[in-house]
Amino acid sequence: MSDALPWPQWPTHSPQTEQNLLAALRSGRWAVSGAYTGEESYEQAFAAAFADFMKVPYAVPTCNGSAALTIALESLGVGAGDEVLVPGLTWVACASSVLRVGAVPVFVDIEPDTLCMSVEAAAAAVTPRTRAIMAVHLYGSAVDLDAMTALARRHGIALLEDCSHVHGAMWGERRLGAIGDAAAFSLQQTKLLTCGEGGVAVTSDPEIHDRLFRKRADGRGHRAAPVGELELAELPGVQGYNYCMSEFNAAVALEGLARLDEENHRRRISMRRLEELLGGFDGARPLERPAALTADAAYQFCVRLDPAVFGPGAKDAVAASLSQSLGLHVEPIDSALHRNVLYQPLHSCWAKGPGGVRPLDPARFELPAAEFAGENAVVLPHRLFLAPPERMELVVTALEKARAQLPLA
């Protein structure tokens, strides 16, 4: 390890986090399905605070990001036999959540410079069965939301934003996640806002919100309850699941939300410095950001590797070298979904539907841009960018060392 100073740790907490947790512990209410104590639950407080942060009317916390995606898809009317456009380069949960609601993920190629879904490729993939577009904002960049929204409206299909990489980012004057019909966030341990495991879905539509709320609470809706009774009403009409966030997770998330903007500001300063340094580096480039992305946020910072310099498919070797040099874990980018070992729909209960075998074979998709990007990049953890900007020179030094070690250097 070339740097004597430790990198900032993640996740982190404050005395307020501990106070929140103790208060939840002593409250007598540990879950949404716990009896009303006369005090607002942490889950309700976090939902209100996150909606205010997003400048949308509604937020619904969930047990994880996959649950948020699942209830969002169902609340947008996606179901058996429908198709959902999913970017060819993203985390596997984006595709598996589509499978979970009985629909078919249709993989769409990406823009090489942003690694987000190509609007042109999405337009070509729309069929009469398409019910929704899942616009995943990846590694701190963003889908062209203006063009993608126009595409969705032209075809009368829903737009679902996955914002699990970009908590707090801005598209013009609005938060990413406030523009589509609904959005989903993960609050898993590595994310910019975390409570260990958790998620949250947001919308501006009251009917969608009602479905989101009930689908994550076994179909139950909210009611005003006296002390000692549940704030959940058993209502007909919605098939739900137990996807609720616990009071402990909500207590942690509420405190983390108060720090998010300031931490994102610190990260941006160091990310801009690294981008400046990479401008003079042969063989490695950051992602491009659309002009409308007025404030970015990246839970992982993507460095694209030129195979003419580092060699083709060098992501694993470069990630290992950077991890050793920097003394923190650097990951190779995820492979394109149709080649990702974690995406195995043909070996699942979802492979068969009422009409027989469903069209789920990932090999049917051609995704040249996603395939190339998925073998030629590494991603740096966001905790690195909580360090002062002058320390970004260590990243470039580590890249120089990795380049010198590889056969094509």
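Residues numbered from 1 in each chain as written. Predicted model: local features only at pLDDT ≥ 70, side-chain atom pairs only at ≥ 80, totals over all residues. Heavy atoms only, no water.

Q: Explain the nonpolar core to me, using residue names and the numbers behind them.
A: With 107 residues, the main nonpolar core has F46, F50 and L115 as its most contacted residues. The contacts of F46, once residues within four sequence positions are left out, are P61, L187, L193, V200, M245, A250, A253, L254 and L257. Formed by 32 residues, the second largest nonpolar core is a distinct cluster that contains W7, L278, L380 and M392. (Core = buried A, V, L, I, M, F, W, Y, C linked by side-chain atoms within 4.5 Å. Buried < 20%, exposed > 50% of the residue type's maximum accessible area, 1.4 Å probe, protein only. Contact = heavy atoms within 4.5 Å.)

Q: Describe the sheet that holds strand 1 (residues 58-62), with residues and values.
A: Strand order in the open sheet formed by seven strands is 1-9-8-5-4-2-3, with mixed pairing between adjacent strands. The sheet terminates laterally at strand 1 and strand 3 (104-108), the two strands that pair on one side only. Looking at each pair of strands side by side, their axes are set apart by 25° on average, direction ignored. Looking at chain direction, strand 5 (residues 158-162) and strand 8 (residues 182-186) are connected through three bridges and run parallel. Bridging from a neighbouring strand, L160 pairs with A182 of strand 8. (Pairing = 2+ DSSP bridges. Helix = DSSP H or I, 4+ residues; strand = E, 2+ residues; numbered from the N terminus. Axes fitted to C-alpha atoms, helices over the stretch in contact; angles between N-to-C directions.)

Q: Before we move on, could you go through a nonpolar patch on the surface and cite the residues and values that matter?
A: There is a patch of nonpolar side chains on the surface, built from L22, L25 and W30 and spanning about 290 Å² of accessible area. Secondary-structure assignment places L22 in helix 1 (residues 15-27). (Patch = residues over 30% accessible without salt bridge, like charges linked within 9 Å, V, L, I, M, F, W, Y side chains within 5 Å. Areas by Shrake-Rupley, 256 points an atom, 1.4 Å probe, with all protein chains shown as cover. Salt bridge = Lys/Arg side-chain N within 4 Å of Asp/Glu carboxyl O.)

Q: Which residues make up a negative patch on the surface, and what values do they have?
A: On the surface, a cluster of negative charge is made up of E111, E120, D144 and D146. Structurally, E111 is set in the loop between strand 3 and helix 5 (119-125). (Lys, Arg positive; Asp, Glu negative; His and termini not counted. Charge placed at Lys NZ, Arg CZ, Asp CG, Glu CD.)

Q: With reference to specific residues and values, describe the side chain of S41.
A: Within the fold, S41 resides in the loop between helix 1 and helix 2 (42-54). Looking at S41, its side chain comes within polar contact range of the main-chain nitrogen of Q44, at 3.0 Å. S41 has contacts with R29 and E247, leaving out every residue within four places of it along the chain. (Polar contact = N/O pair within 3.5 Å; in protein donor to acceptor, adjacent residues only side chain to side chain.)

Q: How would you sum up the side chain of H382? Please name residues and give values.
A: Considering the arrangement of structural elements, one finds H382 in the loop between strand 18 (377-381) and helix 12 (393-405). We classify H382 as buried; its relative accessible area is 3%. Among the polar contacts listed, one links the side chain of H382 to the backbone oxygen of K191, at a separation of 3.5 Å. In this structure H382 touches W10, T190, K191, L192, R267, A298 and Y299, once residues within four positions along its chain are discounted.

Q: Describe in detail helix 10 (residues 315-326), supporting the description with residues and values.
A: Taking 1.5 Å per residue, twelve residues should reach 16 Å; helix 10 reaches 16 Å between its end C-alpha atoms and fits that length. All of the buried residues in helix 10 are K315, V318, A319, S321, L322, S323, S325 and L326. Those residues of helix 10 that are buried are in contact with strand 14 (300-305), helix 9 (307-310), strand 15 (331-332), strand 18 and helix 12. Of the residues one or two after helix 10, G327 is the one with positive phi, at around 75°. (Expected span 1.5 Å × (residues − 1).)

Q: So what's going on with the packing of aromatic side chains? Which residues, and what values?
A: In total, this model carries eight aromatic pairs according to the counting rule given. Plain terms: the ring middles of F107 and Y343 are 5.3 Å apart, the flat faces sit at 55° to each other, and that makes the pair tilted. Within this pair, whereas F107 is found in strand 3, its partner Y343 is found in the loop between strand 15 and strand 16 (352-353), the two being separated by 236 residues in sequence. For Y343, a relative accessible area of 5% puts it in the buried group. Where Y241 meets Y243, the ring centres are 5.1 Å apart and the plane angle is 25°; that geometry is what we call stacked. Residue classification places Y241 among the partly exposed residues on the basis of a relative accessible area of 24%. (Phe/Tyr/Trp six-rings, centres within 6.5 Å; stacked < 30°, edge-to-face > 60°.)

Q: Tell me about the sheet that holds strand 7 (residues 174-175), and please be specific about residues and values.
A: Taken in spatial order, the three strands of this open sheet run 7-6-13, and their pairing is antiparallel. The outermost strands of the open sheet, each flanked by one partner alone, are strand 7 and strand 13 (293-295). Sheet topology note: the strand 6 (residues 170-171)/strand 13 ladder contains two bridges and is antiparallel. Paired with M170 across the strands is A295, a residue of strand 13.

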